[in-house]
Amino acid sequence: MKTIEDYGRLSARLRAAIGPHIVDILRQGLSIVLDFPANTVPNRDWMGSLITQANVAHELHLLDIPDEICKQRLRHRNASGEHPFQVSDVEYTQFTRYFVPPGPDEGFNVIVHTA
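All values reported here derive from a predicted model rather than from experimental measurement.

Participant: Explain the nonpolar core here, please?
Facilitator: Within soluble globular proteins, side chains that are nonpolar generally end up buried alongside one another. Membership of the largest hydrophobic core is limited to eight residues, which are Ile22, Val23, Leu26, Phe36, Trp46, Met47, Leu50 and Ala54. Of all the elements in the fold, those that place two or more residues in this core are helix H1 (4-27) and helix H2 (41-54). If we ignore the near neighbours within four places in the chain, the residues touching Phe36 are Leu14, Arg15, Ile18, Trp46 and Met47.

Structure, rendered in structure tokens:
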């Protein structure tokens, strides 16, 4: 995975493969935390479809943190050397430009976390 396009293509394959498994787990009454981005409407549509299929309660956690704080935290994480994936300020900006906050019409139970 070297580009955003690679990420999009490969994550779509992963979502298609694990979606039915996620629904089965949820129907058994177990909780799941999805470490997938919910930064765009299409990504949230996928998550919403799983919730609808499983007919379960849910929470969507929204981190409402200023970009400068996020960048400071990334710089600290990068400097610690404890995480194998390094993110530059340029990459952060490249990824976050896709962010669309969830709207009330999307039907999610949104829990907002602030700095």
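From this point, the narrative continues.
Participant: What exactly am I supposed to notice about a nonpolar patch on the surface here?
Facilitator: A grouping of Met1, Tyr7 and Leu10 is seen on the molecular surface, where their side chains present a nonpolar patch of about 290 Å² in accessible area. Here Tyr7 is to be found in helix H1.

Participant: Can you walk me through the packing of H1 against H2 in this structure?
Facilitator: To describe two helices that pack against each other, one gives the angle between their axes and the distance between the axes. The interhelical angle for the contact between H1 and H2, taken along N-to-C directions, is 35 degrees, at an axis separation of 8 Å. Relative to H2, the crossing made by H1 is right-handed. Along its contact with H1, which presents Arg15, Gly19, Ile22, Val23, Leu26 and Arg27, the element H2 presents Asn43, Trp46, Leu50, Gln53 and Ala54. Across the contact of H1 with H2, the residue classes break down as six nonpolar, three polar and two charged.

Participant: Any chance you could explain the side chain of Arg15 here in plain terms?
Facilitator: Among the secondary structure elements, Arg15 is positioned in helix H1. The residues contacting Arg15, other than those within four sequence positions of it, are Phe36, Asn43 and Trp46.

Participant: Would you mind showing me how to read the packing of aromatic side chains here?
Facilitator: Between two aromatic rings, the relevant description is the distance of the centres plus the angle of the planes. Taken as a whole and judged by the stated rule, the model has one aromatic pair. Centre to centre, the rings of Phe36 and Trp46 are 5.1 Å apart; their planes meet at 55 degrees, and the pair counts as tilted. Placement of Phe36 in the loop between H1 and H2 and of Trp46 in helix H2 is noted, with a sequence separation of 10 residues between them. Classification of Phe36 by relative accessible area gives buried; the value is 19%. Taking NZ or CZ as reference, Arg15 lies 5.9 Å from the ring centre of Trp46, over its face.

Conventions and cut-offs
Residues numbered from 1 in each chain as written. Predicted model: local features only at pLDDT ≥ 70, side-chain atom pairs only at ≥ 80, totals over all residues. Heavy atoms only, no water. Core = buried A, V, L, I, M, F, W, Y, C linked by side-chain atoms within 4.5 Å. Buried < 20%, exposed > 50% of the residue type's maximum accessible area, 1.4 Å probe, protein only. Helix = DSSP H or I, 4+ residues; strand = E, 2+ residues; numbered from the N terminus. Contact = heavy atoms within 4.5 Å. Patch = residues over 30% accessible without salt bridge, like charges linked within 9 Å, V, L, I, M, F, W, Y side chains within 5 Å. Areas by Shrake-Rupley, 256 points an atom, 1.4 Å probe, with all protein chains shown as cover. Salt bridge = Lys/Arg side-chain N within 4 Å of Asp/Glu carboxyl O. Axes fitted to C-alpha atoms, helices over the stretch in contact; angles between N-to-C directions. Left-handed = near helix turned anticlockwise from the far one by under 90°. Nonpolar A, V, L, I, M, F, W, Y, C, P; charged D, E, K, R; others polar. Phe/Tyr/Trp six-rings, centres within 6.5 Å; stacked < 30°, edge-to-face > 60°. Lys NZ or Arg CZ within 6 Å of the ring centre and 35° of its normal.

All we've got here are geometric facts, nothing functional implied.
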